[in-house]
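# Survey of secondary and tertiary structure
For reference, the chains in residue letters:
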Amino acid sequence: MSFRKDFLWGGAVAAHQLEGGWQEGGKGISIADVMTAGGNGIPRRITDGVLPGENYPNHDAIDFYHHYKEDIAMFAEMGFKAFRTSIAWTRIYPNGDDEEPNEEGLKFYDDMFDTLHKYGIEPVITLQHFEMPYNLAKKYNGFMDKRCIGFFEKFARTVFTRYKGKVHYWMTFNEINNQAASPTDHNLIQEGGVLTTNDNPDNEYMMYQSGINELIASARAVQIGHGIDPENKIGCMIGYNPVYPATCNPKDMMEFTTANHIKYWFIDVHAVGEVPHYLEKYWARKGYQIDISDKEREELRKGKVDYIGFSYYMSFATAWREGNDHYDFSEGTALLDKNSKAVSDVVNNPYLKKTDWGWPIDPLGLRYSLNLLYDKYHLPMMIVENGMGAYDTVEKDGSVNDDYRIAYLRAHIEAMREAVDEDGVDLLGYQMWAPIDIVSASSGEMDKRYGFIYVNKNNAGEGDLSRSKKKSFYWYQKVIATNGEDLG
Ligand code: BG6
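Residues numbered from 1 in each chain as written. Predicted model: local features only at pLDDT ≥ 70, side-chain atom pairs only at ≥ 80, totals over all residues. Heavy atoms only, no water.

### Focus on the sheet that holds strand β8 (residues 243-245)
Strand order in the open sheet made by the three strands is β8-β10-β11, with mixed pairing throughout. Edge positions in the sheet fall to β8 and β11 (346-347), since each has one partner strand and no second. Across two bridges, strand β10 (residues 316-318) lies against β11 in antiparallel orientation. Bridge pairing in β11 places Thr318 opposite Val346. (Pairing = 2+ DSSP bridges. Helix = DSSP H or I, 4+ residues; strand = E, 2+ residues; numbered from the N terminus.)

Put into C-alpha cells, the structure is as follows:
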C-alpha cells in the first residue's frame with residue numbers, strides 16, 4: 001500500500017477566486033475586490049477602492065456563493081475525501097476591525113461545511129488567502145501595523161470557536177513566502193496587505209516587517225486553535241518551488257543556497273519557531289530595525305505548526321553572475337517579475353518544458369521537495385496545491401479532452417507516490433489546484449483553466465456559468481477510487 005488508508009485526496013481553491021457574491025450576505029471589500037483583470041503576461045492592478053469602469057473578475061468569479069451545493073456534489077462524485085478553501089475574512093469581519101462578527105457570513109460557511117460533511121468530505125481551511133479586508137490595508141497599511149495581529153487573532157478565534165468539530169485541518173496564511181519572491185507584485189506586498197509602489201525603496205524592509213508580524217499572528221492563531229480544540233491540526237502554507245543550482249560550480253551552489261534562504265526562511269519560523277541566523281545577519285547588514293520583542297519571539301516558539309502544507313507548481317534554476325559575489329539577498333530577490341517572467345538570477349532550465357504561461361513542468365521536483373522538507377523539519381506534510389493552468393477547447397459535443405492536464409497530474413502523483421513508498425515521507429493528503437475552473441490569482445483570467453469541471457465563462461465575462469465534466473474528471477475519480485494505485 002502506498003498511501004495511508006485515510007489519505008486526503010481532494011482539491012483546493014480560495015474564496016475570492018470562486019465565490020463571487022462580493023457584496024452579498026454583508027460581505028466587506030477585500031484586497032482581491034480592488035484587483036483588476038490582467039492577462040497572460042499582463043499584470044493586474046490594485047485600484048484605490050472599487051472604481052467605475054474597471055473590470056474586477058473576483059466580484060462575480062464563478063458564483064460558488066450560490067452554486068456550492070451543486071459543485072460540492074460534483075466533488076463528491078469524484079470521490080473527494082477533502083476540500084480546501086479559505087474563509088473570506090470580509091464575510092466574517094467586513095472591515096477587519098469591526099467589533100462583532102457578521103452572522104450571515106458565519107452561517108454561509110456553516111452551511112458549506114455541513115454540505116461537505118454530508119458527503120464525508122473533510123474541509124481543509126485557510127484563514128487568509130490573498131483576501132485581507134481592504135479597510136485594513138488602507139487604514140493601517142496592513143500587517144505593517146501590529147494592531148492587525150490583533151484583528152487576525154480575533155478573526156481566528158471567532159472561526160475556531162464557531163466551527164469547532166466541523167473543521168479539523170487549518171492553515172494560517174496562504175503562500176506566506178510568495179512576497180519574498182516578488183515583493184511588489186500588483187503594487188501590494190501580498191498577504192501582508194501592504195499597499196506600495198514598485199519603486200518604493202522600503203519594499204524589502206516592509207516585506208520583512210509585515211512578514212514577521214504575520215508570523216506572530218500565525219503563532220498566536222496556532223495557540224488559540226489548539227486551546228479551543230486539541231483535535232485541531234494547524235499548518236503553515238508555503239509556496240514551494242525549489243531553486244536548483246544551474247551547475248556544480250561552487251559559486252552556483254552558493255547562489256542556490258542564498259536563493260533558497262530568501263524564499264523559504266518563513267518555514268523555519270513556522271516550523272522551528274526561530275528567526276534563522278542568516279536572516280538576523282542580513283537585517284543587521286542592511287540596517288533593518290525589525291520590530292520583534294522577546295515576548296513575540298517566545299510566542300513564535302510556542303506557536304509552531306503541526307504540519308507543513310505547501311503548493312508545488314514548478315522549479316527554478318539559478319546561476320552566479322558577475323557582480324554578485326556577495327550572495328546578497330537584494331541581488332537575488334526578484335525571482336519572478338510582475339509578469340511571471342523569470343528575471344534576475346533565475347536561468348532557464350533546459351531539461352524542462354513549460355506551460356503556456358511559462359511555468360516549468362518538473363514532476364521529479366515534487367519528490368525532491370517532499371524529501372527536502374521532511375529531512376529538514378520532520379513534520380507531516382500535505383500537498384495543498386498542484387496543477388496546471390491551460391487553455392481548454394470545448395468540442396462540438398461539449399467534451400473537453402484535457403490529456404495534457406491528466407499527463408501533468410499523473411506525473412506529479414507518481415513522483416509523490418515514490419516519495420511515500422521509496423523515501424518514506426509522511427504525507428497526509430493531496431489537494432490538486434483547482435478542481436473547478438476559477439479566476440486565476442496572478443492574471444485574473446478565467447481562460448487559465450485548472451479544473452476537472454469546466455465552467456462556461458471566459459475572460460470577457462461571457463458565459464452562462466454552467467458546469468460540465470472534462471475527461472480528467474473521470475480520470476481523477478479512478479485515481480481516488482484506487483487510492484492512487486491506478487493512474488492510467
Ligand atoms: C498559488 C495561489 O500561487 O497558485 C493560488 O495560492 C493560485 O491562489 C495558484 O491561483 C495558481 O496561480 P494562478 O495565477 O495560475 O491562478
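The structure having been displayed, the exposition proceeds.
### Some thoughts on the site of the ligand
Lining the immediate surroundings of the ligand are 14 residues, of which Gln17, Glu175, Ser442, Lys448 and Tyr450 lie closest. The separation between an oxygen atom of the ligand and a polar side-chain atom of Gln17 is 2.7 Å. The side chain of Ser442 places a nitrogen or oxygen atom 2.4 Å from an oxygen atom of the ligand. Per-class residue counts for the shell around the ligand are six nonpolar, five polar and three charged. (Near = heavy atom within 4 Å. Polar contact = N/O pair within 3.5 Å; in protein donor to acceptor, adjacent residues only side chain to side chain. Nonpolar A, V, L, I, M, F, W, Y, C, P; charged D, E, K, R; others polar.)

### Side note on the sheet that holds strand β9 (residues 307-311)
What the eight strands build is a closed barrel, ordered β1-β2-β3-β4-β7-β9-β12-β13; its pairing is parallel. For this sheet, the mean angle separating the axes of adjacent strands, direction not counted, is 25°. Note that strand β2 (residues 82-86) and strand β3 (residues 122-128) share five bridges and pair parallel. Bridge assignment links Thr85 to a residue of β3, and that residue is Ile125. Packing of helix α8 (residues 203-228) onto the sheet brings it into contact with β3, β4 (169-173) and β7 (233-239), and relative to β4 it is tilted by some 160°. (Axes fitted to C-alpha atoms, helices over the stretch in contact; angles between N-to-C directions. Contact = heavy atoms within 4.5 Å.)

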